[in-house]
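Coordinate inspection notes
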Amino acid sequence: MAGYKRPPLRLLVAPMLAFTVLSTGACADDFFTVRWDARPDSVSLFSLARPELNLPSAFNFNNRTLVEIEQSTATGTWDLALDTQNGEMVFLTPRAMGIDSDAGITLVEGTDFDALAMAPGDTALYFNTEPVRVELNRLYVVRTIQGRSNFGQACNFYAKLQPLRMNVAVGTVEFKYDSNPVCNNRELVPPN
């Protein structure tokens, strides 16, 4: 376009900057704060020991999705699987099944599901290479596989779970869970 002269950059950026300052300053909120609410839910998993293939035997807590680990695209998409070993139901992390992962699980004592407010910070408390026995009405905390925050940062997420029903003969466990969608944040109860 002959004769077109681009406006100075300050005239283009100034309105965007003013909108950003006004919209974030007016609310007195941190622009990067991720808001979340408690959303407890329950799911059932099938033991890997069952003869049928393609049953949901694993779970991704950050995405809140059941995973069929026999699928070719399942590697790296789940945090915890269910298996039957020596007549007991056990949780397995990916690393316990030979898959490189930093997911882990730990048992928490002395509190109930709603009151469990913080995941343990000591990484040595999280089991990731051995089976963890499923016990009804006990509380567990899960550190998830590495995921991405809303801003693209690589991080882990945290969740709590409580087994509600178990049928060893059939190979199923139902558990209640809730997860924190904030990157590397160990809080298990949303802020007020």
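Below or above, wherever it landed, is the structure these notes cover.

**Examining the side chain of Arg50**
Mapped onto the elements of the fold, Arg50 is located in the loop between β1 (41-46) and β2 (58-60). Here Val170 takes part through its backbone oxygen, which lies 3.0 Å from a polar atom of the side chain of Arg50. With near-sequence residues (within four places) excluded, Arg50 lies in contact with Leu55, Val170, Gly171 and Thr172.

**Quick look at the nonpolar core**
Generally speaking, nonpolar side chains in soluble globular proteins are found buried as a group. Residues Phe61, Phe91, Leu161 and Phe175 are the most contacted members of the largest nonpolar core, which totals 18 residues. Within the residue set of this core, elements represented by two or more residues are β1, β4 (80-85), β5 (88-92), β8 (139-143), β11 (158-167) and β12 (172-180). The element best represented in this core is β12, accounting for three residues. Setting aside residues up to four positions removed in sequence, Phe91 forms contacts with Leu80, Ala81, Leu82, Ile105, Glu130, Pro131, Val132, Val134, Tyr140, Leu161 and Pro163. Listed in part, the nine residues of the second largest apolar core include Val108, Leu116, Val141 and Tyr158.

**Let's talk about the pattern of salt bridges**
Throughout the structure, instances matching the rule amount to eight salt bridges. Arg50 is paired through a salt bridge with Glu52; the nearest N and O atoms lie 2.9 Å apart. Classification of Glu52 by relative accessible area gives partly exposed; the value is 36%. Here Glu135 makes a salt bridge to Arg133, at a shortest N to O gap of 3.6 Å. The network of salt bridges with shared partners includes Glu88, Glu109, Arg133, Glu135 and Arg138.

**Overview of the sheet that holds β4**
The five strands are arranged β3-β2-β4-β5-β7 in an open sheet whose pairing can be described as antiparallel. At either margin of the open sheet sits one strand with a lone partner, and together these are β3 (65-67) and β7 (132-133). As paired elements, β4 and β5 share five bridges and run antiparallel to each other. Along β5, the bridge assignment pairs Thr84 with Met89.

Rules used throughout
Along each chain, residue indices are assigned from 1 in the same order as the chain's sequence is written. Reporting of local features is limited, given that this is a predicted model, to residues whose pLDDT is at least 70; pairs of side-chain atoms are given and counted only at 80 or more, and all residues count toward the totals for whole chains, interfaces and linings. The side-chain numbers reported here are obtained from all heavy atoms of the structure, hydrogens and water having been left aside. Only DSSP runs of H or I reaching four residues or more are called helices, and only runs of E reaching two or more are called strands; each is numbered from the N terminus. Polar contact is the term for a pair of N or O atoms within 3.5 Å; when the atoms are in protein, one must be able to donate a hydrogen and the other to accept it, and sequence-neighboring residues count only if both atoms are side-chain atoms. In what follows, a contact means two residues having at least one pair of non-hydrogen atoms within 4.5 Å. Joining through side-chain atoms within 4.5 Å is the link that ties buried Ala, Val, Leu, Ile, Met, Phe, Trp, Tyr and Cys residues into a set, and such a set is a nonpolar core. Here the term buried applies to any residue with accessible area under 20% of the maximum for its type, exposed to any over 50%, and partly exposed to those in between, with areas from a 1.4 Å probe on protein chains only. Each reported salt bridge corresponds to a side-chain nitrogen of Lys or Arg within 4 Å of a carboxyl oxygen of Asp or Glu. Two strands pair under a simple rule: DSSP has to find at least two bridges between them.

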